[in-house]
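An overview of the molecular structure
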Amino acid sequence: MSIKETLAEGCAAMNVEIDGEMTARFEEYARLLVKWSSAINLTAITEPRNVAVYHFLDSLTALRAVKPGSSVLDIGAGAGFPGIPLKICMPSISLVLADSREKKVFFMREVIRKLGLTGARAVKARVGGDGENTGSDFDIAVSRAAGKAPEIARAALPLVKKGGIVLIMKGKNGAREWESEKRSFPEAPAVSETSEEITLPVGGDGRFLLTLRKN
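Residues numbered from 1 in each chain as written. Predicted model: local features only at pLDDT ≥ 70, side-chain atom pairs only at ≥ 80, totals over all residues. Heavy atoms only, no water.

Our focus in this paragraph is unusual backbone geometry. A cis amide bond links Phe81 with the next residue in sequence, Pro82, at an omega value of 5 degrees. Positive phi is not limited to glycine here, since Asn15 has a value of about 60 degrees. Unusually for a residue other than glycine, Asp137 sits at a positive phi of about 60 degrees. Residue classification places Asp137 among the exposed positions, given a relative accessible area of 52%. (Buried < 20%, exposed > 50% of the residue type's maximum accessible area, 1.4 Å probe, protein only.)

What follows is about the pairing of strand 2 (residues 94-99). Regular strands have side chains that alternate between both faces of the sheet. With respect to burial, strand 2 is a largely interior element, five of its six residues being buried. Across five bridges, strand 1 (residues 71-75) lies against strand 2 in parallel orientation. Within strand 2, the residue paired with Ile75 across the bridge is Ala98. A crossover links strand 1 with its parallel partner strand 2, the connecting element being helix 4 (residues 83-89), and its sense is right-handed. Pairing analysis gives five bridges linking strand 2 to strand 3 (residues 120-124), with the strands arranged parallel. (Helix = DSSP H or I, 4+ residues; strand = E, 2+ residues; numbered from the N terminus. Pairing = 2+ DSSP bridges. Right-handed = clockwise from strand over helix to strand, strands pointing away.)

Membership of the largest hydrophobic core comes to 52 residues, with the highest contact counts inside it found for Tyr29, Phe56, Leu60 and Phe107. Not counting residues within four places of it along the chain, the set of residues in contact with Leu60 comprises Cys11, Met14, Phe26, Pro85, Leu86 and Cys89. (Core = buried A, V, L, I, M, F, W, Y, C linked by side-chain atoms within 4.5 Å. Contact = heavy atoms within 4.5 Å.)

Take the pattern of salt bridges next. According to the stated counting rule, one finds nine salt bridges in the structure shown. The closest approach of N and O atoms between Arg31 and Glu28, which form a salt bridge, is 2.8 Å. With Arg31 and Glu28 both in helix 2 (residues 20-37), this residue pair falls three residues apart, about one helical turn. Under the relative-accessibility criterion, Glu28 is labelled partly exposed at 22%. One salt bridge connects Lys161 with Asp139, and the closest N-O pair in it is separated by 3.1 Å. Placement of Lys161 in strand 5 (residues 160-170) and of Asp139 in strand 4 (residues 138-144) is noted, with a sequence separation of 22 residues between them. Residue Lys161 is classed as partly exposed on the basis of its relative accessible area, which comes to 34%. Through salt bridges with shared partners, a single network forms among Asp58, Arg144 and Arg207. (Salt bridge = Lys/Arg side-chain N within 4 Å of Asp/Glu carboxyl O.)

Roughly 290 Å³ of internal volume is contained in the largest pocket. Lining of the largest pocket is provided by 15 residues; of these, Leu42, Ala77, Gly78, Ala79 and Arg144 occupy positions nearest its centre. For the lining of the largest pocket, the residue count by class is eight nonpolar, four polar and three charged. (1 Å grid on protein atoms, 1.4 Å probe; cavity = no way out; pocket = protein on both sides within 12 Å on 5 of 7 lines; lining within 4 Å. Points joined across faces, edges and corners; volume = space filled by probe spheres on them. Nonpolar A, V, L, I, M, F, W, Y, C, P; charged D, E, K, R; others polar.)

Residues of the chain with pLDDT of at least 70 account for 96%, and the chain-wide mean is 91. The least confident element of the chain, judged by mean pLDDT, is helix 6 (residues 131-134) at 66; the most confident is helix 4 at 98. (pLDDT = per-residue confidence, 0-100.)

On to the environment of Leu95, then. In this structure, Leu95 sits in strand 2. Note on Leu95: relative accessible area 3%, which makes it buried. In this structure, the C-alpha to C-alpha distance between Leu95 and Ser59, residues 36 residues apart in sequence, is 14 Å. What Leu95 contacts, discounting residues up to four positions off in sequence, is Val72, Asp74, Gly83, Ile84, Lys87, Gly119, Ala120 and Arg121.

Mapped onto the elements of the fold, Ser59 is located in helix 3 (residues 48-60). Residues in contact with Ser59, not counting those within four places in the same chain, are Phe81, Pro82, Pro85, Leu86, Arg144 and Met169.

With that settled, consider the sheet that holds strand 7 (residues 206-214). Strand order in the open sheet made by the seven strands is 3-2-1-4-5-7-6, with mixed pairing throughout. Bordering the open sheet on either side are strand 3 and strand 6 (191-199), each of which pairs with just one other strand. On average, each strand axis in the sheet is tilted by 20 degrees relative to the strand beside it, whichever way the strands run. Alignment of strand 1 against strand 4, held across four bridges, turns out to be parallel. Counted as the bridge partner of Asp74 is Val142 from strand 4. Packing of helix 3 onto the sheet brings it into contact with strand 4, strand 5 and strand 7, and relative to strand 4 it is tilted by some 150 degrees. (Axes fitted to C-alpha atoms, helices over the stretch in contact; angles between N-to-C directions.)

Structure below.
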C-alpha cells in the first residue's frame, strides 16, 4: 500500500480528517525522511507503508489529547514525531520541537520549511536543562518513546501551564513499564493520571498513552 492509501485507511478508522494537501505534505515528509536517513541516523523505517503506519499514524494517536489552537511542546522530537504529523493534521496548533541533537534539529527545520508549516519551530534543547530555549506555559508537552516516563514528566511538568498535560507515548509494554516506573515518581498528588491502551488501526500493534495533568 502507498502512503496515501495507508493514511486514508488509518485516518478513517481513527476518525481523523485528512485532505489532499495534508496527504501531499505527508508524502513530502516521507521523501525527506528517507533521503536524510541515508546521511544521518533518523530512522530504520523507510518502506512507505511502514513510515505511514509506525511514524505517521502512530503520531496521530496523540490527536485525542490535543485541542485546536493549543500550544504544544514535543520533547525529544528526533525526526519530528509526533509533533510534525500533529501540526499537519491540526494546523492551528503552535508547535515547538525540541531535541538535543543538532543534526536532527537541522532536519526538522528543513521539513518545516519544505512543508510550509507556519507556527512551528525546531530548537536545540535538552528539556530539563534548556527551558529558556523552548519557552514555557504550554498547553501540552508530548513525548514519544524518548525515555523513562518519570524522567520525562519531571522535565516537562514545569513547562506546562496549570491544568496543562504531559502526554507520554509508549509501545505495547508501556503499561507494565509505567507500573514499575511510577514508584519513583513522587509528584502525585500534584498531578492527576489517566492512561489508555490502544491499537494502531493498520497493523494492529499495541500502544500505551499516559496523560499527566498538572493540578
